[in-house]
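Tertiary structure, described
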Amino acid sequence: MAVSADLAGRTFAPTAPYEVTAERVAEFVAATGSAYDGTAAPTTFPIVVAFRAMTDLMEDPDVGIALHRVVHGEQRFSYTRPVVPGDVLTATLTVDSLRQIGGADIIGTRSEIVDADGAPVVTAHAVLVHRGEDG
Amino acid sequence: MNALEPGAELPTQEYAVTRADLVRYAGASGDRNPIHWSDRVATGVGLPGVIAHGMFTMALAARALDTWAGAPGRVRELGCKFTKPVVVPDDDDGVVVRVAGTVKGVEDGRASVALEVTCGDEKVLGMPRAVVLVGPAPEVASA
């Protein structure tokens with residue numbers, strides 16, 4: 001079953017505030033082998049926050065997504081400034097586009113990630129591919 | 001180090017990826033999808049075996065960019081498609097992911113970099129592109 005057609009343009013509630021601690025960054029740095037000087041977190045670290053926004057979308061019963069049929073198709077990060085320990089981040093996800101190709105829903109999402117003052121930090125664009133029953 | 005000049009072919013970075021890396025990444029990222037640690041689940045959905053998280057492969061591309069930029073925190077844009085899975089064998093050596101890059105241009109202190117991320121003979125990321133700050137290190141304010 002395709003996802004709800006009125007999904008395009010919908011903006012979801014902001015995620016719960018996520019505190020970027022030195023420990024969480026260090027764990028991500030160790031897992032990815034990245035260099036770290038105690039300030040800027042690795043470039044892909046904000047996926048941790050964006051992933052929560054995407055999970056809220058995928059688990060919303062009104063949307064009609066079957067989680068086990070979702071594949072991550074594309075990802076992009078556009079930075080205003082690096083993420084640093086001490087940041088408290090929230091992500092607000094908007095569905096920018098919705099297309100159907102060969103029985104799959106192609107869901108274009110944009111998560112605006114802001115700090116505790118509401119100032120923009122990084123925008124995470126993700127394309128989620130929701131395969132049809134036979135996909 | 002300032003290799004980010006127009007036309008520069010950046011030194012290819014090689015990273016070995018093992019099952020242990022995937023387990024660590026699952027914990028650090030919160031992505032605990034079993035296709036990244038269970039052969040049973042991975043083959044059950046038609047994959048050849050356990051595959052790396054696409055976001056892990058993207059993190060390796062980001063790691064190469066940090067190396068080329070000379071410091072972390074200088075990547076302003078990074079994007080890609082996840083085109084082919086990186087299959088990670090259950091042994092001590094794992095599999096090697098290679099990240100190559102070419103500087104397409106530099107404008108207003110920002111280098112535009114086209115990446116090529118491969119495993120064996122296959123490109124595993126589609127159209128990986130980045131924008132990286134060049135020149136003096138930017139101030140990174142503490143939050």
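Residues numbered from 1 in each chain as written. Chains lettered and ligands numbered in written order. Predicted model: local features only at pLDDT ≥ 70, side-chain atom pairs only at ≥ 80, totals over all residues.

A few words now on the interface of chain B and chain A. Across the contact, 29 residues belong to chain B and 31 residues belong to chain A. Taken together, the elements giving at least two residues each to the side of chain B that touches chain A come down to α1 (19-29), α3 (54-69) and β2 (75-82) of chain B. Residues of the side of chain B that touches chain A, tallied by class, amount to 16 nonpolar, six polar and seven charged. Sheet topology places strand β2 (residues 70-79) of chain A next to β2(B); five bridges connect them, and they run antiparallel. Each residue of the ladder has a partner; that of A:Phe77, found in β2(B), is B:Leu78. (Contact = placed C-beta atoms within 7 Å. Helix = DSSP H or I, 4+ residues; strand = E, 2+ residues; numbered from the N terminus. Nonpolar A, V, L, I, M, F, W, Y, C, P; charged D, E, K, R; others polar. Pairing = 2+ DSSP bridges.)

Our focus in this paragraph is the nonpolar core. Core analysis: the biggest nonpolar cluster contains 74 residues, and A:Ala50, B:Ala61 and B:Leu65 have the highest contact counts within it. Residue contributions to this core peak at eleven residues, all from α3(B). (Core = buried A, V, L, I, M, F, W, Y, C linked by C-beta atoms within 7 Å. Buried ≥ 20, exposed ≤ 12 C-beta atoms within 10 Å, placed from the backbone.)

This next bit is on the confidence of the model for chain B. Confidence along chain B averages 94 in pLDDT terms, with 94% of residues attaining 70 or more. Interface confidence for the predicted complex, given as ipTM, is 0.94, next to a pTM of 0.94. (pLDDT = per-residue confidence, 0-100.)

Residues and elements named next belong to chain B. Looking at the secondary structure, you find Arg 129 in strand β6 (residues 125-133). Distance in space between the C-alpha atoms of Arg 129 and Ala 26 is 25 Å, their sequence separation being 103 residues. Arg 129 has contacts with Gly 79, Ala 114 and Leu 115, leaving out every residue within four places of it along the chain.

Of the positions making up helix α1 (residues 22-32) of chain A, those classed as buried are A:Val25, A:Phe28, A:Ala31 and A:Thr32. Down the axis of α1(A), the buried set is contained in an arc of 125 degrees. They therefore lie on one face. The elements touched by buried residues of α1(A) are α1 and α3 of chain B. Backbone geometry just downstream of α1(A) places A:Gly33 in the positive-phi region, at approximately 70 degrees. (Arc of directions from axis to C-beta.)

Quick look at the confidence of the model for chain A now. Close reading of the predicted structure is inappropriate where its pLDDT is low. Per-residue pLDDT for chain A averages 93, and the proportion of residues at 70 or more is 98%. Here helix α2 (residues 47-59) of chain A is the element of chain A with the lowest mean pLDDT, 94, and strand β1 (residues 18-19) of chain A is the one with the highest, 98.

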